[in-house]
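Per-entry structural report
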Amino acid sequence: MADEVQQLTRAFSGLGGLGVDEPTMVSLLARWRKQPEKRSGFRKGFPGFFKSHGEIDRCEEEYMLHLAAEFARFKNLMVLWAMHPWERDARLAHHVLHQSHPAAVLVEVACTRSADELLGARRAYHALFHHSLEEDVAYRARDKPYCNLLVGLVSAYRYEGPRVSEEVARAEAKALGAAVKGGAAGGKLLAEDGEVVRILTTRSKPHLVETFKYYKEMHGRRVEEDLGKSGEETLVEAVLCLAAPARYFSQVIEGALRDGADHHGKEALTRVAVTRSDHDMDEIAAAYQEQFGNKLEDAIAAKAHGHYRDALLSLVGAHHQQ
């Protein structure tokens, strides 16, 4: 491992104008897949780029600016990949909140991370930006109808055990159905419904899976289908991220690969590849093929180019046999 850390350090060290060793970076992306401890060793062994800051090794701003000048999309991917996951999520959230981006990234961070991962991102946000994530969400989204929902999602610390009360899940499926029906009849936004917000922001993910299963049994449709009719995209994203993250991320990737995808959509391809590579990328690839009839690696190879394409393919596992 020490030799590989030295290789990556040398690859990153050509920041003074001579370029970077992109092939070495791509090779290590493949070899270090699902081995976050190696990235931790790299961060600790490269003090010029990372500086110890409490429980995380944070990126030095000067070197981030150097990287930004060196390699566009590939740079973004490599910088995100090298970061501590808590710092990465904190920076993604901060960027969204301060650049008027869609709320989907915040929903992803809040709903697809474990309780401890989300707590770690919130702690990193404190250290990096001298505010809490919750207060920034509450302030920046104060005029949005989904403000209370977002604050609740980023503030959550969910139970992660397997126990689910079938009786409560069934009752809350009925409550969701009543809220959907009432919202359709009265024109009320469901993201402002206190019962909907309570269920989505406090219940465990296994509980929500059961609740949504009962909802479909009662109404013959998935809950996200009914929520989609109201046009409340943030609610739909939250439901999918909480209960069907592989399906959600496969849809995000498909949107990023479409002809005419906007800047935010294209950024999403890098974000999903990096943040999910160590977690559920195999499930995302399977969901992609099931929904869109094409292998994920083939879709990426057809759209992306150069070292950026190679890096993406490594992250989704297409090169991990090499």
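Position numbers for residues count from 1 along each chain, tracking the sequence in the order it is written. Restriction of local features to residues with pLDDT of at least 70 applies here, the model being predicted, together with a cutoff of 80 or more for giving and counting side-chain atom pairs; totals for whole chains, interfaces and linings are based on all residues. Water and hydrogen atoms play no part in the side-chain values, which are based on all heavy atoms of the structure.

The name an unreviewed UniProt entry assigns to the protein chain is Annexin D4, from the organism Urochloa decumbens.

The next thing to look at is the pattern of salt bridges. Side chains that differ in charge, positive against negative, can pair when their charged atoms come close. Here a salt bridge means any side-chain nitrogen of Lys or Arg lying within 4 Å of a carboxyl oxygen belonging to Asp or Glu. Tallying each qualifying case throughout the model produces 20 salt bridges. Its salt-bridge partner being arginine 33, residue aspartate 282 comes within 3.2 Å of it at the nearest N-O pair. One end of the pair, aspartate 282, is in helix α18 (residues 281-292); the other, arginine 33, is in the loop between α2 (22-31) and α3 (36-44), with 249 residues separating them in the sequence. Burial status follows relative accessibility: with a 1.4 Å probe on protein chains alone, a residue under 20% of its type maximum counts as buried, one over 50% as exposed, and anything between as partly exposed. Exposure remark for arginine 33: the relative accessible area of 12% places this residue in the buried category. Across the pair lysine 303 and aspartate 259 runs a salt bridge whose closest N-O atoms are separated by 2.4 Å. Of this pair, lysine 303 sits in helix α19 (residues 296-303) while aspartate 259 sits in the loop between α16 (245-257) and α17 (263-276), placing them 44 residues apart in sequence. Within the structure, one salt-bridge network assembled from shared partners comprises Glu172, Glu195, Arg198 and Arg203. Helical segments are the DSSP runs of H or I of at least four residues, strand segments are the runs of E of at least two, and each set is numbered from the N terminus.

Moving on, we get to the environment of arginine 122. Mapping arginine 122 onto the fold places it in helix α8 (residues 115-129). Sequence-wise, arginine 122 and aspartate 89 are 33 residues apart; in three dimensions their C-alpha atoms are separated by 8.6 Å.

Here the focus is the packing of aromatic side chains. Aromatic pairs are defined between Phe, Tyr and Trp rings, using the six-membered ring for Trp, whenever the two ring centres lie within 6.5 Å; interplanar angles under 30 degrees are classed as stacked, those over 60 as edge-to-face, and all others as tilted. Within the structure shown, the criterion is met by four aromatic pairs. Between tyrosine 248 and phenylalanine 249, the aromatic rings sit 5.2 Å apart at their centres with planes inclined by 70°, giving edge-to-face as the arrangement. Overall, phenylalanine 249 belongs to the buried group, its relative accessible area being 0%. Measuring from centroid to centroid gives 5.0 Å for tyrosine 288 and phenylalanine 292, while their planes differ by 50°, and the two rings are tilted. Of this pair, tyrosine 288 and phenylalanine 292 both sit in helix α18, four residues apart, roughly one helical turn. For phenylalanine 292, a relative accessible area of 31% translates into the label partly exposed. Any Lys NZ or Arg CZ found within 6 Å of a ring centre and within 35 degrees of that ring's normal is scored as a charge over the ring. Here the basic side chain of arginine 142 rests over the ring of tyrosine 139, its NZ or CZ set 4.0 Å away from the ring centre.

A few words now on the pairing of strand β1 (residues 50-53). Note: β1 against strand β2 (residues 56-59), four bridges, orientation antiparallel. Pairing of serine 52 across the sheet is with aspartate 57, part of β2. As consecutive antiparallel partners, β1 and β2 are separated by two residues, and within that stretch glycine 54 has a phi angle of approximately 70°, a positive value. In this description, strands pair whenever DSSP reports at least two bridges between them.

Relative to the helices and strands, tyrosine 125 resides in helix α8. Expressed as a C-alpha distance, the spacing of tyrosine 125 and glutamate 87, which sit 38 residues apart in the sequence, is 7.3 Å. Setting aside anything within four residues of it in sequence, one finds tyrosine 125 in contact with Ala90, Ala93, His94, Leu97, His98, His130, His131, Ser132, Leu133 and Asp136. Residue contacts follow a heavy-atom distance rule, with two residues in contact if any of their heavy atoms lie within 4.5 Å.

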